[in-house]
Amino acid sequence: MAQQAGRRYLRAFVSGFFVAVPVTVTVLDRLAYVARVEGVSMQPSLNPEGGSEDDVVLLDRWSVRNFQVQRGDVVSVLSPRNPQQKIIKRVIGLEGDFIRTLSYKNRYVRIPDGHLWIEGDHHGHSLDSNNFGPVSMGLLHGRASHIIWPPNRWQRMKPSLPPNRGPLETEDDD
Amino acid sequence: MTAEIVAKQFLEAVRSKDLLWWLSGRSEHTLLSGPSMEPTIVNHDIVFSERLSRHLCKIQKGDIVIAKSPFDPNMNICKRVIGLEGDKVCTSVLSDLLKTHTYVPKGHVWLEGDNFRNSTDSRNYGPIPYALIRGRVCLKLWPPQSFGTLSESPTKAIIKSQSGSNSD
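What counts and what doesn't
Residues numbered from 1 in each chain as written. Chains lettered and ligands numbered in written order. Predicted model: local features only at pLDDT ≥ 70, side-chain atom pairs only at ≥ 80, totals over all residues. Heavy atoms only, no water. Contact = heavy atoms within 4.5 Å. Salt bridge = Lys/Arg side-chain N within 4 Å of Asp/Glu carboxyl O. Polar contact = N/O pair within 3.5 Å; in protein donor to acceptor, adjacent residues only side chain to side chain. Nonpolar A, V, L, I, M, F, W, Y, C, P; charged D, E, K, R; others polar. UniProt positions renumbered as here; feature names shortened; annotations may be inferred. Helix = DSSP H or I, 4+ residues; strand = E, 2+ residues; numbered from the N terminus. Buried < 20%, exposed > 50% of the residue type's maximum accessible area, 1.4 Å probe, protein only. Pairing = 2+ DSSP bridges. Phe/Tyr/Trp six-rings, centres within 6.5 Å; stacked < 30°, edge-to-face > 60°. Lys NZ or Arg CZ within 6 Å of the ring centre and 35° of its normal.

Just checking my understanding: could you explain the interface of chain A and chain B for this structure?
When the parts of a complex come together, some accessible area is lost, and that lost area is often taken as the interface size. At the junction of the two partners, chain A supplies 14 residues and chain B supplies 16 residues. Counting the contacts that link chain A with chain B gives zero salt bridges. If you look at where chain A meets chain B, you find five residue pairs in polar contact (both at pLDDT 80 or more). Classifying every residue of the side of chain A that touches chain B gives seven nonpolar, five polar and two charged.

Encoded structure:
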């Protein structure tokens, strides 16, 4: 009797597991993604205290499926240096913008079509477009919409450009 | 082509395990347009690609891949992988007298179309990040007379690495 009950529980568990896993994977793939932020490259916006507790952010995958991002958004991208790593940086410039770079091989860059310029807020401690140049929009993974941990840092992340970082104004407006 | 030949090619594809990836739902079929991969793939062919190799980082030199275009994320390109990170690739065009070479940077791949006279690829826009690759083309589905696995590179553009195995 006990054996039969046990087998029934096992069957229920296994069938539930196979439904739950594909649904979870689809949600993670298409809608949202939760990620722990490591490192100091986005201080003071993310991980302001450094070592004590890493921020956990909610990455919105739905809004980047059409590659619509604004200047000032914090986004996660697949690293051009390591395809298995995701990096979180701020979008400074969109395609067509002229950017004055901080430590790139060229002083001024026109961002090519289909590319973005991303920078970490903590200049000098960030591996970003100043190292590897404009990144292709095809590498966009998600937009960090909220900080969800630790609880005292609960907030919605609004797009904002750091002071003096942004596209240069050109004379002709289109 | 006779049904026998088609069936033989089908069995070869199953044996090479590519159909299993398709059944697992991690693959897609794509209609290709353009001349850049002739004669291996011609205009309006439908090919079948799997995504597992890309996620396991098992894309190899000589594979035909489908990748997002670096200049338009909504467009896809289909080219052959000529070089992986660290490989030496030839960047000169046919008209150059001197051959120039470059090394593929970390995390990138060098793509070229089989129709080297009529293809916009890494020789024009440089190496592209590995993460832009969507999948590896493993089977041609249409037209039915050329159904089956795809052939090796006709251009001999792939420089075999000196270190490692002596026979390829």
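I keep staring at the UniProt feature "active site" (unreviewed entry) in chain A and nothing clicks. Help me out?
All names here are of chain A. Here, the residues flagged by UniProt with the feature "active site" (unreviewed entry) are Ser41 and Lys89. Maximum C-alpha separation among the annotated residues is 8.0 Å over a sequence range of 49 residues, consistent with a single clustered spot. With respect to the helices and strands, the residue Ser41 is situated in the loop between strand S1 (32-36) and strand S2 (56-60). Locating Lys89 in the fold gives a position in strand S4 (residues 86-93). Other than its neighbours up to four places away in sequence, Lys89 contacts Ser41, Met42, Asp73, Val74, Val75, Ile118, Glu119, Gly120, Ser126, Leu127 and Asp128.

Can you help me understand the UniProt feature "active site" (unreviewed entry) in chain B in this one?
Residue and element names in this part refer to chain B. Mapped onto this structure's residue numbering, the UniProt feature "active site" (unreviewed entry) falls at Ser36 and Lys79. A compact arrangement is adopted by the annotated residues: their sequence extent is 44 residues, whereas the largest C-alpha distance between any two is 7.8 Å. Of note, Ser36 is situated in the loop between strand S1 (27-31) and strand S2 (46-50). The exposure class assigned to Ser36 is buried, which follows from its relative accessible area of 14%. In this structure Ser36 touches Cys78, Lys79, Gly113, Asp114, Asn115, Asn118 and Ser119, once residues within four positions along its chain are discounted. Residue placement: Lys79 occurs in strand S4 (residues 72-83). Beyond its immediate chain neighbours, meaning those up to four positions away, Lys79 contacts Ser36, Met37, Asp63, Ile64, Val65, Leu111, Glu112, Gly113, Ser119, Thr120 and Asp121.

Please explain the pairing of strand S9 (residues 133-142) of chain B as it appears in this structure.
Successive side chains on a regular strand alternate, one facing one side of the sheet and the next facing the other. Residue and element names in this part refer to chain B. Taken across its 10 residues, S9 has seven buried, putting it largely inside the fold. One ladder, built from five bridges, connects S2 with S9; its direction is antiparallel. For Ile46, the partnering residue across the bridge sits in S9 and is Trp142. Of the pairings in the sheet, the one linking strand S3 (residues 64-69) to S9 comprises four bridges and is antiparallel in character. Bridge pairing in S9 links Val65 to Arg136.

How do you make sense of the UniProt feature "domain: Peptidase S26" (unreviewed entry) in chain B when you look at a structure like this?
All names here are of chain B. Here the UniProt feature "domain: Peptidase S26" (unreviewed entry) sits at residues 31-91 and 99-142. Helix and strand shares over residues 31-91 are 7% and 44% respectively, and the end C-alpha atoms of the span are 29 Å apart. When the span residues 99-142 is considered, its composition is 9% helix and 45% strand, and the gap between its end C-alpha atoms is 38 Å.

What is the right way to read the pattern of salt bridges from this model?
Any two side chains of opposite charge can pair if their charged atoms end up close together. All names here are of chain B. Overall, the coordinates contain 11 salt bridges over all chains when judged by the stated rule. The shortest N-O distance in the salt bridge between Lys61 and Asp87 comes to 3.5 Å. One end of the pair, Lys61, is in the loop between helix H3 (52-55) and S3; the other, Asp87, is in the loop between S4 and strand S5 (88-90), and 26 residues separate them in sequence. Look at Lys61 and you get partly exposed, because its relative accessible area is 25%. For Arg123, the salt bridge identified is with Asp121, shortest N-O distance 3.0 Å. In this structure Arg123 comes out as partly exposed when scored by relative accessible area, which is 22%. Residue classification places Asp121 among the buried residues on the basis of a relative accessible area of 0%.

Honestly, the environment of Leu168(A) in this entry has me stumped. Any pointers?
All names here are of chain A. Along the polypeptide, Leu168 turns up in the segment after strand S10 (155-156). Here Leu168 falls in the partly exposed class, since its relative accessible area comes to 35%. When the C-alpha positions of Leu168 and Phe98 are compared, they lie 5.5 Å apart, and in sequence the two are 70 residues distant. Setting aside chain neighbours within four positions, we find Leu168 in contact with Phe98, Ile99, Arg100 and Tyr108.

Would you mind going over the packing of aromatic side chains with me for this structure?
All names here are of chain A. For the structure shown, the criterion picks out two aromatic pairs over all chains. Each ring, one from Tyr104 and one from Trp117, has its centre 5.5 Å from the other, and the planes form 80°; the classification is edge-to-face. Of this pair, Tyr104 sits in the loop between strand S5 (98-100) and strand S6 (108-110) while Trp117 sits in strand S7 (residues 115-119), and the two are 13 residues apart along the sequence. With relative accessibility at 18%, the residue Tyr104 sits in the buried group. Its relative accessible area of 0% is what places Trp117 among the buried residues. Arg65 extends its terminal NZ or CZ atom over the ring of Trp62, reaching a point 3.8 Å from the ring centre.

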